[in-house]
Amino acid sequence: MASQQGFYGVTPPISTSESSEREKEVTVSLMEELRRQNVFENEQEARTREIVMGRVAALVKKFVRTVSLSRGLSETAANAAGGKIFTFGSYRLGVHGPGSDIDTLCVVPKHVSREDFFDVFEPMLREAEGAMEVSGVPEAYVPIIKTKISGIPIDFLMARLALSSIPDDLSLQDNNLLRNLDERCVRSLNGSRVNEEIMRLVPNVEVFRDSLRCIKLWATRRAIYSNVNGFLGGVGWAMLVARICQLYPNAIAGAIVSRFFIIMYQWSWPQPVLLKQIEEGPLQVRVWNPKLYPGDRSHRMPIITPAYPAMCATHNVTASTQSIMTEEFKKGADIVDKVIIGKASWSELFEKHDFFLKYRNYLQVIASTGDPELQMKWAGTVESRIRQLVMKLEYVASLTLAHPFIKGFNQTSCCLSDEEVHAVAQGEISDAIANRKREDIEGKEGASLVYSTTFYIGLAIEPKQRELQLADAVGPRRLDISYPTTEFTKMVKLWEHFDESKMGIIVRHIKSSGLPDCVFDVGERPAKLVQKRVKGPGKSGDTSPHKPTKKQRSVYYQAQILTGTLPDYRASTRSSNTTPEVPLRLTTSANSSAPVSLPSVAETPGLYASKEHLSVKSPQLPFGENVAVATGPVGVS
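Calculation notes
- Residues numbered from 1 in each chain as written.
- Predicted model: local features only at pLDDT ≥ 70, side-chain atom pairs only at ≥ 80, totals over all residues.
- Heavy atoms only, no water.
- Helix = DSSP H or I, 4+ residues; strand = E, 2+ residues; numbered from the N terminus.
- Buried < 20%, exposed > 50% of the residue type's maximum accessible area, 1.4 Å probe, protein only.
- Areas by Shrake-Rupley, 256 points an atom, 1.4 Å probe, with all protein chains shown as cover.
- UniProt positions renumbered as here; feature names shortened; annotations may be inferred.
- Contact = heavy atoms within 4.5 Å.
- Salt bridge = Lys/Arg side-chain N within 4 Å of Asp/Glu carboxyl O.
- Arc of directions from axis to C-beta.
- Phe/Tyr/Trp six-rings, centres within 6.5 Å; stacked < 30°, edge-to-face > 60°.
- Lys NZ or Arg CZ within 6 Å of the ring centre and 35° of its normal.
- Pairing = 2+ DSSP bridges.
- Axes fitted to C-alpha atoms, helices over the stretch in contact; angles between N-to-C directions.
- Left-handed = near helix turned anticlockwise from the far one by under 90°.
- Nonpolar A, V, L, I, M, F, W, Y, C, P; charged D, E, K, R; others polar.
- Polar contact = N/O pair within 3.5 Å; in protein donor to acceptor, adjacent residues only side chain to side chain.

*Asks:* Hey, could you run me through the overall build of the protein in this one?
*Replies:* In terms of helices and strands, the protein carries 21 helices and 13 strands. Counting across all 637 residues of the protein, residues that qualify as buried make up 52%. Carbon and sulfur atoms make up 51% of the accessible area of the protein, which amounts to about 29100 Å² in all.

The following block contains the structure:
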């Protein structure tokens, strides 16, 4: 919907011209490439989604009825209490693909509590036909239940309205519905309300959808699609694309994508991205305003939701993740520019990230338990706090970047002894354990399964200055990261459900040569990383956990690269005077207390450098188009 000034958004458009013939040609080739990339679901999956959502709608009504009866309501009142689902995210925006999750908001009346959502609805989900991997995270910023039903991933949120019943024709666009709600319910409602506003505020919904499909695929392939890890989530990317659509109301997808990368690279952060002017309202709810709230002033890449109350969808962005995304905008702009002039194909834009090839040093964060359902919750809790570790690492001298990967790697290990359990929890999985199957341990005394999830953070280390190299040419560089990692493990263990007897958390440094094969695609790992040192005469090839290698001994007994705790059920392999806390210190010997020593790193010059320090030419809009129209200051009252 255009504003009273006759244009979409908070500024006039940069250009109202129609797309050129060449832009129309590249748009056709873009859509062909998106189909080759399998971003559109087939009819069978679409039908399955419709069936599943119908069953979910009925289950929510059953949930509300069950709670209503337990509160003493009559059968008639319980049946009339209603309950309704609203979808949002990629499914509601019409840009979901095969395997995409469905973000689903459950709206319930005032007598149904959030505790009921997790104590009653979550067990009902577990019993539902086709449901699996049900996992609730009630303490999340937006409390959520994750599950899969008939293979369709679904994320459930809940909002409790101040109404005695929820009618089937309820609309969430009325701001008065927010009255007397707690902040968690307001945040839960915001997803659906924001989606409706986005669709209303773009000039052409189909162009928006085609462009957003492209950007979502690009962000996923480049490993920058993850709100929880400090990048942008689905709504963040959607609002950026919507803003470019507003600035080019008559352009088609190829032109929108081209301008997207250039404008986002040149954007004057922390100038906010707004789809409409921020609304004030009569309700006692907080509205994003950096003039009033110091916390809002700290947002590095503010992208503000268009629905009241306005919120920052990108408060998780850190200095490192902003730098990474900025560099990816530039790379994207360079590729699309070549596509436009016929020197590249769209497939180059969607090439896989090189995260596990980029750095010499990484941190592994390993969360482990002995129960699959507990593991989902524990790993989710740890992942939600990885961003805090990244922010602490950014203050470490000589670290120029802490780059979190956007997902964890799950592994189930079949262990025959406590020693193997202990090794797996610390990330030392021998070939014997990795190749062992469940049937190999069935019926064997002392055997158990360990479920682990490993998260990775790439570390970019500032190259030595020549003067420092000459002055300190002897010995390894020292980098003390014990404080941020120890503080991180303390923080995750503050989770109210943390049980040291059942959950393990370990942070350790690992070199690129020590990365496990599971993080690489087949044939992706460089040959030099898989070459094994030839053993001399008398050298043992036994890597059994019962006979640790020198590398394993340095990990277990010198506590060189570990911080965190292991569950008590693994403690049988440790001596009685071993403390559960292992400080993160890479030491040169067992008795040394020197800080973490990492080898001199020849990082690529300018790796994720700031825009001011890039030596290459900045991407530019076509002649006659001025990015300042969009990036100039916009008043926030």
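*Asks:* Explanation requested: the UniProt feature "binding site: Mg(2+) 1" (unreviewed entry) in the protein in the structure shown.
*Replies:* If you check UniProt for "binding site: Mg(2+) 1" (unreviewed entry), the listed places come out as Asp101 and Asp103 in our numbering. Relative to the helices and strands, Asp101 is located in the loop between helix H4 (90-93) and strand S2 (102-108). Not counting residues up to four positions away in its chain, the partners in contact with Asp101 are Arg49, Ser90, Pro153 and Asp155. Mapping Asp103 onto the fold places it in strand S2.

*Asks:* In this structure, what is going on with the pattern of salt bridges? I would like to understand it.
*Replies:* Close approach of charged atoms allows side chains with opposite charge to pair. On inspection of all chains with the given rule, the structure shows 32 salt bridges. Salt-bridge contacts for Lys146 lead to Asp155; the nearest nitrogen and oxygen are separated by 3.2 Å. Look at Lys146 and you get partly exposed, because its relative accessible area is 39%. Overlapping salt bridges, with partners in common, bring together Glu122, Arg126, Glu373 and Lys377 in one network.

*Asks:* Just checking my understanding: could you explain helix H14 (residues 386-393) for this structure?
*Replies:* Given 3.6 residues per turn, any residue in an α-helix points the same way as the ones three and four places further on. Burial in H14 covers these residues: Ile386, Arg387, Leu389, Val390 and Leu393. Down the axis of H14, the buried side of the element spans an arc of 155 degrees, and every buried residue falls inside it. Packing partners of the buried residues in H14 comprise helix H11 (319-340), strand S6 (361-369), helix H13 (372-383), strand S7 (399-404), strand S9 (448-461) and helix H18 (482-492).

*Asks:* Mind showing me how you'd approach helix H15 (residues 418-425) here?
*Replies:* Extensive coverage of H15 is indicated by the burial of 6 of its 8 residues. Taken as a whole, H15 has its buried residues at Glu420, Val421, His422, Ala423, Val424 and Ala425. Count one or two residues on from H15 and you reach Gly427, which has phi positive near 85 degrees.

*Asks:* Would you take a moment to explain the packing of aromatic side chains for this structure?
*Replies:* Remark: the centre distance and the inter-plane angle together describe each pair of aromatic rings, the angle taken between the planes. Taken as a whole, this structure holds 27 aromatic pairs when the rule is applied. Between Phe117 and Phe118, the ring centres sit 5.1 Å apart and the planes meet at 75 degrees, which makes this aromatic pair edge-to-face. Considered together, Phe117 and Phe118 belong to a single accessibility category, that of buried residues. Ring geometry for Trp237 against Phe329: centres 6.2 Å apart, planes inclined by 80 degrees, an arrangement best described as edge-to-face. Of the two residues, Trp237 is situated in helix H8 (residues 234-247) and Phe329 in helix H11; the sequence distance between them amounts to 92 residues. Comparing Trp237 with Phe329 shows no difference in burial state: the two are buried. Among the aromatic residues, those joined into a cluster by ring pairs are Phe355, Phe356, Tyr359, Tyr362, Phe405, Phe409, Tyr456 and Phe520. The ring centre of Tyr293 lies 4.0 Å from the NZ or CZ of Arg286, which sits over that ring.

*Asks:* Mind showing me how you'd approach the sheet that holds strand S4 (residues 144-149) here?
*Replies:* The strand order S1-S2-S5-S4-S3 describes an open sheet built from 5 strands, whose pairing is mixed. With one partner strand each, in any of the chains shown, strand S1 (84-88) and strand S3 (131-137) form the two edges of the open sheet. Adjacent strand axes in the sheet meet at a mean angle of 25 degrees, parallel and antiparallel pairs treated alike. Note: S2 against strand S5 (residues 152-160), 7 bridges, orientation parallel. When the sheet's bridge partners are listed, Asp103 is paired in S5 with Asp155. The sheet strands contacting helix H6 (residues 183-201) are S1, S2 and S5, and the helix crosses S5 at an angle near 120 degrees.

*Asks:* Can you help me understand the pairing of S5 in this one?
*Replies:* On any regular strand, side chains alternate: one points to one face of the sheet, the next to the other face. Burial within S5 is extensive, with 8 of its 9 residues counted as buried. Relative to S5, S4 runs antiparallel, the two sharing 5 bridges. Within S5, the position partnered with Thr147 by the bridge is Ile154. Taken together, S4 and the strand that follows it, S5, pair antiparallel across an intervening segment of 2 residues, in which Ser150 is found at a positive phi of about 55 degrees.

*Asks:* Looking at this structure, how should I read the side chain of Ser135?
*Replies:* Here Ser135 is to be found in strand S3. Among residues more than four places away in sequence, those in contact with Ser135 are Glu122, Ile144, Ile145, Lys146, Met376 and Lys377.

*Asks:* Would you take a moment to explain unusual backbone geometry for this structure?
*Replies:* A negative phi holds for most residues other than glycine; trans holds for most peptide bonds. Pro270 follows Trp269 through a cis peptide bond whose omega is 5 degrees. Among the structural elements, Pro270 can be located in the loop between helix H9 (253-266) and helix H10 (294-297). Cis geometry marks the peptide bond from Tyr308 to Pro309; its omega dihedral reads 0 degrees. Residue placement: Pro309 occurs in the loop between H10 and H11. The phi dihedral of Asn180 is positive, around 65 degrees, even though this residue is not glycine. Even without a glycine there, the phi angle at Ser398 is positive, about 80 degrees. Looking at where Ser398 falls in the secondary structure, it is placed in the loop between H14 and S7. For Ser398, a relative accessible area of 27% puts it in the partly exposed group.

*Asks:* How do you make sense of the packing of H9 against H11 when you look at a structure like this?
*Replies:* Relative placement of two packed helices is described by the angle separating their axes and the distance separating the axes. The contact between H9 and H11 brings their axes to 8 Å, and the two run at 145 degrees. Between H9 and H11 the crossing geometry is left-handed. Each of Val257, Ser258, Phe260, Phe261, Ile262, Met264 and Tyr265 in H9 lies in contact with H11, whose residues at this interface are Thr326, Phe329, Lys330, Gly332, Ala333 and Val336. Classifying every residue of the contact of H9 with H11 by side-chain character gives 9 nonpolar, 3 polar and 1 charged.

*Asks:* Mind showing me how you'd approach the side chain of Glu122 here?
*Replies:* Considering the arrangement of structural elements, one finds Glu122 in helix H5 (residues 114-127). By relative accessible area, Glu122 is classed as buried at 5%. A distance of 3.3 Å separates a polar atom in the side chain of Glu122 from the backbone nitrogen of Gly136.

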